[in-house]
Amino acid sequence: MADVRVREELRSTTNNRKLNSSYEEPAFGSPSKDEPKLLAVPFCGSIRGGMRPGKKLTIMGIMDPEPDGFDISLTCGCDDVALEVSARFEDRHLLRNAHVAGSWGEEETAIPFFPFLAGQPFRLEIHCDHQRFHVFVDGQPLFDFYHRVHSLMSIDTIQINGSLSITKLN
């Protein structure tokens, strides 16, 4: 229940759906060309043109050294949640769900492996097709999630929150 409240608070405070282009500032000195620039978390940004079959989102990041978990949500503005992926390190679960027409659906939990490691980089890809999202981590298929939102183009926002740093998002 607390997780739902946190998600609702995040959604209510992220009405500005423009890309958050702020980068983490170094404590001192100027960053070198080889240092990655990090997007600020929590992050809320627009998905240009919404989702559609054939579209792919790529999130590259680094897990915190002592992570609790993280959430990645694909939303229709700040209303319906087409896909929410919640990683929980304590029990090594990866939960998926959708919030449509005011209520959460049935949560999905089955995964072949838990792909995230504390302090390690990752690459998460969300591929959209006509019937479902295909989710890959570091090139390995992890799960499929059948669409519960019928208008894919209305999925126009990505929100990321939790124990991670984002190094690239496209």
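Residues numbered from 1 in each chain as written. Predicted model: local features only at pLDDT ≥ 70, side-chain atom pairs only at ≥ 80, totals over all residues. Heavy atoms only, no water.

(A) Looking closely at the packing of aromatic side chains. Using the criterion set out here, one finds five aromatic pairs in the structure. The interplanar angle of 75 degrees and the centroid separation of 5.9 Å between the aromatic rings of F114 and F116 together place this pair among those described as edge-to-face. On the accessibility criterion, F114 (9% relative accessible area) is buried. When the ring of F116 is compared with that of F122, the centres are 5.4 Å apart and the planes differ by 85 degrees; the resulting orientation is edge-to-face. Taken together, the ring pairs connect F70, F89, F114, F116 and F122 into an aromatic cluster. Seen from the ring of F143, R96 lies directly overhead, with NZ or CZ sitting 4.2 Å from the centre. (Phe/Tyr/Trp six-rings, centres within 6.5 Å; stacked < 30°, edge-to-face > 60°. Buried < 20%, exposed > 50% of the residue type's maximum accessible area, 1.4 Å probe, protein only. Lys NZ or Arg CZ within 6 Å of the ring centre and 35° of its normal.)

(B) Spotlight on the sheet that holds strand β7 (residues 121–128). In spatial order, the strands read β9-β8-β7-β2-β11; together these five strands make up an open sheet with antiparallel pairing. The open sheet is flanked by β9 (140–146) and β11 (164–169), the only strands paired with a single partner. On average, each strand axis in the sheet is inclined to that of its neighbour by 25 degrees, with strand direction left out of account. Both strand β2 (residues 56–63) and β11 contribute to a ladder of five bridges, which runs antiparallel. Counterpart to M63 in the pairing with β11 is L164. (Pairing = 2+ DSSP bridges. Helix = DSSP H or I, 4+ residues; strand = E, 2+ residues; numbered from the N terminus. Axes fitted to C-alpha atoms, helices over the stretch in contact; angles between N-to-C directions.)

(C) Geometry of the sheet that holds strand β3 (residues 69–75). Spatial ordering of the open sheet is given by β1-β10-β3-β4-β5-β6, a layout of six strands whose pairing is antiparallel. Bordering the open sheet on either side are β1 (43–46) and β6 (103–104), each of which pairs with just one other strand. Inspection of the sheet shows β3 paired to strand β10 (residues 157–162) by six bridges, in the antiparallel sense. Bridging across to β10, F70 finds its partner in G162.

(D) Inspection of the nonpolar core at higher detail. Formed by 37 residues in total, the largest nonpolar core has its most connected members in L74, F116, L124, F133, I155 and I158. Setting aside residues up to four positions removed in sequence, F116 forms contacts with M63, F70, F89, L94, F122, L124 and V137. (Core = buried A, V, L, I, M, F, W, Y, C linked by side-chain atoms within 4.5 Å. Contact = heavy atoms within 4.5 Å.)

(E) Region of the structure containing the pattern of salt bridges. By the definition in use, this model includes five salt bridges. As a salt-bridge pair, D71 and R88 come within 2.9 Å of each other at their nearest N and O atoms. On the criterion of sequence distance, the pair formed by D71 in strand β3 and R88 in strand β4 (residues 81–88) is long-range, its members being 17 residues apart. The residues D71 and R88 share a single accessibility class, namely buried. Across the pair R123 and E125 runs a salt bridge whose closest N-O atoms are separated by 2.7 Å. Using a relative accessible area of 12% as the deciding quantity, one classes E125 as buried. Salt bridges linked by common partners bring D129, R132 and D144 together as one network. (Salt bridge = Lys/Arg side-chain N within 4 Å of Asp/Glu carboxyl O.)

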